[in-house]
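A closer look at the structure
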Amino acid sequence: MSTIHPEGWPVLRYFIILLVSLSLGACVDRTVSEVVPSAMNVGTPETIFASTTRAREADGSYGFRRGETLKFLETTVSVPPTHTPGTLRFSYANPNPRKEFVLADVTELDGPQGLHKHLRGQDDVTIFVHGYNSTQTETIFRAAQLTHDIGLPGSTLVYSWPSRATGYGYAYDLDSMLFARDGLEQTIRELKAMGVKRVILVAHSMGGALAMEMMRQTELQEPGWANRNIDGVVLISPDLDLDLFRSQMKRIDNPPDPFIVMVSQKDKILNISGRLRGTDEGQRLGNISSIDSLKEFPISVIDTTAFNSDAASSHFVAATSPALLSILNSLRRVNNTFGREDRPAIDILVPPTERNPDGATEIVLTETGQAQVSSP
């Protein structure tokens, strides 16, 4: 009978915690995406476009299998009248549009041409890239919630890559993340080809690794491509090795500006992820405590640790903290009021003159919405 050496218990414990924390609801069929057209008469409609490298199943759904071609969708999500910022309530069956986010419509578009009809010449398109253990519908709901709570300008498009959507599918998701690099690049190229003025890339968790890998590969082919085609990058809680991130950044000539990394030192999932990899104190890019190792890169690191207490998820503070969402929404309204729609919110929060022109800037947000700015 084999035994586990005492030194192996900590790693085993973290592995068990990770499986339990990410497999809640495993008995539920998360691939179900019930469409309820009448929900549009109840809630507030939010249009979310999608490009996906998931294969289409016989029942019309998009699951975890990898597809050979990039497909485009237009969806309508009904945001319930009882919704409060930072919350995301939905059901996999028999959804209640008065209390829950509901898919009201899903239309597969006729390739890139179909997307062109909706987004040609748009000023702003925000691409949201999801992380590990996500279904397509869950990601669309999250994008609708963020769009609704912050009031994102222009249109929102989800890049849906083929996650296994299970707590034990981490290895599959890592391979799928790499598989999906070309599709994300193609999505951005299609948007720019149709005349979209500004493309903002927002990526969460493992989606941050995908965004970085995509930019790295384009830079190897066409130096300067990322800066010419992407008008801002926001990595939220990136599940990314710090040394790997540094290697990727060194390949990106003149990174998109602004380039923002949102971190929280109390991110439980990243702490577990880091410890499973044997890194000191469970450190990943998304939960770093110091920006000293990033000082050479022209990026802004925003520490959201202060908002962890009221966030529903320590791994997604930016989307689940009502207090932080209120601040972000206020910044958006300030931009609109003073005719600064073409300026990113970060310019209002921390003016470019206060940033380090030669490298990284650390921005520690306080619960009052103040920003403490410093450089290494």
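Preceding this paragraph is the structure being described.
Notes on the structure follow. Just so it is clear, the structure is predicted and the values come from calculations on it, not from any experiment.

A few points about the overall build of the protein chain
When helices and strands are tallied, the protein chain shows 12 helices and 11 strands. Here the protein chain holds 376 residues, and the buried ones make up 53% of them. Counting only contacts in the protein chain whose residues sit at least 6 apart along the sequence, the fraction spanning at least 24 positions is 73%. When the accessible area of the protein chain is evaluated, it comes to approximately 16,800 Å², of which 50% is carbon and sulfur surface.

Concerning the nonpolar core
Core analysis: the biggest nonpolar cluster contains 52 residues, and Ile-127, Leu-235, Phe-245, Phe-259, Leu-294 and Ile-299 have the highest contact counts within it. Per-element tally for this core: the top contributor is helix α6 (residues 206-221), with seven residues. Those residues in contact with Leu-235 that sit more than four places away from it in its chain are Ala-203, Gly-208, Ala-211, Met-212, Phe-245, Phe-259, Ile-260, Val-261, Met-262 and Leu-285. Ranked by size, the runner-up nonpolar core spans 33 residues in total, among them Ala-50, Ile-260, Met-262 and Ile-327.

Quick look at the side chain of Ser-160
With respect to the secondary-structure elements, Ser-160 resides in strand β5 (residues 155-160). Beyond its immediate stretch of four places on either side in the chain, Ser-160 contacts Ser-51, Thr-52, Thr-53, Arg-54, His-130 and Gln-136.

Let's talk about the packing of helix α4 (residues 170-179) against α6
Put simply, α4 and α6 touch, their axes get as near as 9 Å, and they point 25 degrees apart. By the angle class used here, α4 and α6 are roughly parallel. Where α4 crosses over α6, the handedness of that crossing is right-handed. Contact with α4, carried on its side by Tyr-170, Asp-173, Leu-174, Met-177 and Leu-178, involves Met-206, Ala-209, Leu-210 and Glu-213 of α6 and no other residues of that element. Its residues placed into classes, the contact of α4 with α6 shows seven nonpolar, no polar and two charged.

A closer look at the packing of aromatic side chains
If you walk through the whole model with that rule in mind, you get seven aromatic pairs. Ring centres 5.2 Å apart and planes at 45 degrees place the aromatic pair Phe-90 and Phe-141 in the tilted group. Of this pair, Phe-90 sits in the loop between β2 (62-79) and β3 (102-108) while Phe-141 sits in helix α3 (residues 136-151), placing them 51 residues apart in sequence. Note on Phe-141: relative accessible area 3%, which makes it buried.

Quick word on the pattern of salt bridges
Tallying each qualifying case throughout the model produces 12 salt bridges. Arg-181 is the partner of Glu-213 in a salt bridge, and the nearest nitrogen-oxygen pair spans 3.1 Å. Of this pair, Glu-213 sits in helix α6 while Arg-181 sits in helix α5 (residues 181-193), and the two are 32 residues apart along the sequence. The class of Glu-213 is buried, set by a relative accessible area of 14%. Looking at Arg-181, the relative accessible area reads 25%, which means it is partly exposed. A salt bridge links Asp-231 to Lys-192, with the nearest nitrogen and oxygen atoms 3.9 Å apart. Here the residue Asp-231 occupies a position in the loop between α7 (225-229) and β7 (232-236), and Lys-192 occupies one in helix α5, the gap between them amounting to 39 residues.

Rules of the game
Residues numbered from 1 in each chain as written. Predicted model: local features only at pLDDT ≥ 70, side-chain atom pairs only at ≥ 80, totals over all residues. Heavy atoms only, no water. Helix = DSSP H or I, 4+ residues; strand = E, 2+ residues; numbered from the N terminus. Buried < 20%, exposed > 50% of the residue type's maximum accessible area, 1.4 Å probe, protein only. Contact = heavy atoms within 4.5 Å. Areas by Shrake-Rupley, 256 points an atom, 1.4 Å probe, with all protein chains shown as cover. Core = buried A, V, L, I, M, F, W, Y, C linked by side-chain atoms within 4.5 Å. Axes fitted to C-alpha atoms, helices over the stretch in contact; angles between N-to-C directions. Parallel < 35°, antiparallel > 145°, perpendicular 65-115°, else oblique. Left-handed = near helix turned anticlockwise from the far one by under 90°. Nonpolar A, V, L, I, M, F, W, Y, C, P; charged D, E, K, R; others polar. Phe/Tyr/Trp six-rings, centres within 6.5 Å; stacked < 30°, edge-to-face > 60°. Salt bridge = Lys/Arg side-chain N within 4 Å of Asp/Glu carboxyl O.

Taken by themselves, the reported measurements are silent on function.
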